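Summary of structural features
The residues making up each chain are set out below.
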Amino acid sequence: MYLWSYFLGSIVILSTLTNPGEACRGCVSLDEYNFDKIISRFDAVLIKFDVAYPYGEKHDVFTKLAEEVAKSSDLILAEVGVKDYGDKENEPLALKYGITKDDLPAVRLFLKDKPHVEFSKTAEWTLDNLRNLIKDNTDIYIGLPGCLEKFDKLALEFINSDNKQKKLEEAEQVAGVADQDDKSTANVYVKFMKKIVEVGTSFVTQEFGRLSKILKEGKVTDKKKIELGNRLNILRSFSLPKDEL
C-alpha cells in the first residue's frame, strides 16, 4: 500500500510540474523550492537554465531531446526559468551553479551521488552533442543515430573484455542472424572490433580523429556526412574515456 501511494504521489508531482501548454514537451519545470526534491529521484537529470519564456533554436533542440527520452525511467529533462526582473525568480539558483544572465541558456547534467557536469559554453547546441553529454557521463542508454542497442552493449562488453577475440566471435554470430535492416550496421561494429583486435584500442581514437577531420573539411555529400556521423556514434559505443576521443 505504501509503495502504491508513493508511486501515485510521484506521478502527481511530475504531472503538475511538466509543461503541457508550453513548447518543451516532456520537460519538468523546476524552481528553488522543488529543485533538490526532483533531481534526487533520478539517476540523471539534464537541466536547461533559460529565460522565463524560452524560445529559439536551442530551445527546440532541447525539446526534441526531451521527447526522445521521455520513456526513460533513469533520466529526465528539466527547465529552470530565470528572471532578472521583479522578484528575480530562480536567479539565486542559477548563480549557485555559476550561471549568469549572459550565460543563458545553459545546460547542466546532475548525477546521483556525483558532481554535476557542465555543457560547455562553446559547444554547438545539437542533438548529438546533448546526447553525447549524457552518454559520456552515465551508463544510461541513449540510442545515438546509426547505433543498435544490442551491439552497443556488445561493444561495451568487448572493449572491457580480457578475451576480445572471443567477444568478437560472439558479435559475428549475432551479426550473422541480425535482421536485414540492421545487418550492414551490425557489420560496422564487427569491422571495428576486428581492427581493435588487430591493432589495439588506439584504433578507436585514431579512427575517431580521422572521421572527424573528414567531416570538418566539409568536402563530402550530405549522404556521406550522415554515414560518417553514424560511424562516429558507433565508435563512441566502445566507451573509451571521453578525453581520449
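What comes next is a walk through the structure. (Residues numbered from 1 in each chain as written. Predicted model: local features only at pLDDT ≥ 70, side-chain atom pairs only at ≥ 80, totals over all residues. Heavy atoms only, no water.)

Bringing helix 9 (residues 202-217) into the picture now. Taking 1.5 Å of rise per residue, 16 residues should cover 22 Å, and helix 9 covers 23 Å from first to last C-alpha, within 8% of that figure. Inspection of helix 9 places Phe203, Val204, Glu207, Phe208, Leu211 and Ser212 among the buried residues, and these make up the whole buried set. One side of helix 9 carries all its buried residues, which in axial view fall inside an arc of 150 degrees. Looking at helix 9, the residues exposed on the side facing more than 90 degrees away from the buried face are Gln206, Lys213 and Lys216. If you follow the buried residues of helix 9, they end up packed against helix 8 (180-199) and helix 10 (222-236). Glycine 218, located one to two residues past helix 9, shows a positive phi value of around 70 degrees. (Helix = DSSP H or I, 4+ residues; strand = E, 2+ residues; numbered from the N terminus. Expected span 1.5 Å × (residues − 1). Buried < 20%, exposed > 50% of the residue type's maximum accessible area, 1.4 Å probe, protein only. Arc of directions from axis to C-beta. Contact = heavy atoms within 4.5 Å.)

Inspection of the entire model under this criterion finds 1 disulfide. Residue cysteine 24 pairs covalently with cysteine 27 via a disulfide, S to S 1.8 Å. By relative accessible area, cysteine 27 is classed as buried at 0%. (Disulfide = S-S within 2.5 Å.)

What follows is about the environment of lysine 194. Locating lysine 194 in the fold gives a position in helix 8. Each C-alpha atom, one on lysine 194 and one on glutamate 172, is 10.0 Å from the other, the two residues being 22 residues apart in sequence. With residues up to four places along the chain from it excluded, the contact list for lysine 194 reads Leu168 and Glu172.

What follows concerns the nonpolar core. Formed by 50 residues in total, the largest nonpolar core has its most connected members in Leu46 and Phe238. Among the elements that make up this core, the one with the highest residue count is helix 8 (7 residues). When sequence neighbours within four positions are dropped, the list of residues in contact with phenylalanine 238 reads Ala155, Phe158, Ile159, Tyr189, Phe192, Met193, Ile196 and Val204. One finds Leu30, Ile38, Ile47 and Ile99 within the second-largest nonpolar core, a separate group that totals 20 residues. (Core = buried A, V, L, I, M, F, W, Y, C linked by side-chain atoms within 4.5 Å.)

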